[in-house]
Amino acid sequence: LGVHHKAKCFHLESTAYNDASFRVPDERGYQPRDECVLSTDGGCARRGDKLSTTLEVAPLVKRMEARGYPSKLSGDPGRFVCNYTYCYSLDKCSQFNATAPTSFDSIGANKTDKPTLYSIFVHVPLFQISEKEEQLEFVVGLMDEISIQLGEKRYSS
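Quick caveat, the model's predicted, so the values are computed rather than measured.

Chemist: Even after reading the chapter, I still don't get the packing of aromatic side chains, so can you show me in this structure?
Modeler: Here a ring pair, both rings aromatic, is described through the centre-centre distance and the interplanar angle of the planes. Within the structure shown, the criterion is met by eight aromatic pairs. Note on Phe-22 and Tyr-84: the rings are 6.1 Å apart at their centroids and 80° apart in plane angle, and the pair reads as edge-to-face. Taken as a pair, Phe-22 in the loop between β3 (15–17) and β4 (50–52) and Tyr-84 in helix α2 (residues 81–99) lie far apart in primary sequence, 62 residues in all. The exposure class of Tyr-84 is partly exposed, given its relative accessible area of 25%.

Rendered as structure tokens:
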């Protein structure tokens with residue numbers, strides 16, 4: 001989660017960019033300019049390359065709207081800490097998914113199931129727009145909807 005100070009609703013981010021060009025320094029004074037989030041060894045070799053979540057974001061937006069949470073699909077998480085975090089997370093999920101063993105044993109998984117990691121980033125509005133409790137309820141609802149979506153993916157094939 002990240003706060004989008006101009007947001008009037010929840011923004012579910014579909015993509016991140018391998019671009020660390022902070023307009024202002026972060027809390028620790030770090031201010032990269034025209035740098036890559038990911039090293040060239042990480043699979044996304046050029047600055048500006050786009051990484052996308054493997055979750056189906058548009059249906060998640062519709063489901064959250066149906067639950068009463070104003071939401072929108074966003075394809076631009078900015079180029080600050082939120083994008084940096086999301087880009088790194090998407091890359092790590094992709095690396096894990098490409099190398100995970102098929103004999104992974106987890107709760108509810110068959111020994112032949114290959115685990116899959118997913119990542120999504122949500123920009124939330126300020127508490128003056130959406131109170132803390134509503135934001136927490138949104139997150140719980142989104143996790144539920146993701147679980148439903150993944151269950152449908154898993155059992156529809």
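Here the narrative resumes, following the displayed structure.
Chemist: How should the pattern of salt bridges be read in this particular structure?
Modeler: For side chains of opposite charge, pairing can occur when their charged atoms come near one another. Taken as a whole, this structure holds five salt bridges when the rule is applied. The partner of Glu-145 in a salt bridge is Arg-67, with the nearest N and O atoms 2.7 Å apart. With Glu-145 in helix α3 (residues 132–156) and Arg-67 in the loop between α1 (57–66) and β5 (71–74), this residue pair connects regions lying 78 residues apart in the sequence. On the accessibility criterion, Glu-145 (3% relative accessible area) is buried. Relative accessible area serves as the criterion here: at 37%, Arg-67 is assigned to the partly exposed category. With its nearest N and O atoms 2.7 Å apart, the salt bridge here joins Arg-79 to Asp-76. Judged by relative accessible area, which is 27%, Arg-79 ranks as partly exposed. What makes Asp-76 partly exposed here is its relative accessible area of 45%.

Chemist: Help me out: how do you make sense of the environment of Cys-36 in this one?
Modeler: With respect to the helices and strands, Cys-36 occurs in the loop between β3 and β4. Since its relative accessible area comes to 31%, Cys-36 is described here as partly exposed. Counting along the chain gives 48 residues from Cys-36 to Tyr-84, while the straight-line C-alpha distance between them is 9.2 Å. Once residues lying within four places of it in the same chain are set aside, the contact partners of Cys-36 are Asn-18, Ala-20, Arg-46 and Arg-47.

Calculation notes
Residues numbered from 1 in each chain as written. Predicted model: local features only at pLDDT ≥ 70, side-chain atom pairs only at ≥ 80, totals over all residues. Heavy atoms only, no water. Phe/Tyr/Trp six-rings, centres within 6.5 Å; stacked < 30°, edge-to-face > 60°. Helix = DSSP H or I, 4+ residues; strand = E, 2+ residues; numbered from the N terminus. Buried < 20%, exposed > 50% of the residue type's maximum accessible area, 1.4 Å probe, protein only. Salt bridge = Lys/Arg side-chain N within 4 Å of Asp/Glu carboxyl O. Contact = heavy atoms within 4.5 Å.

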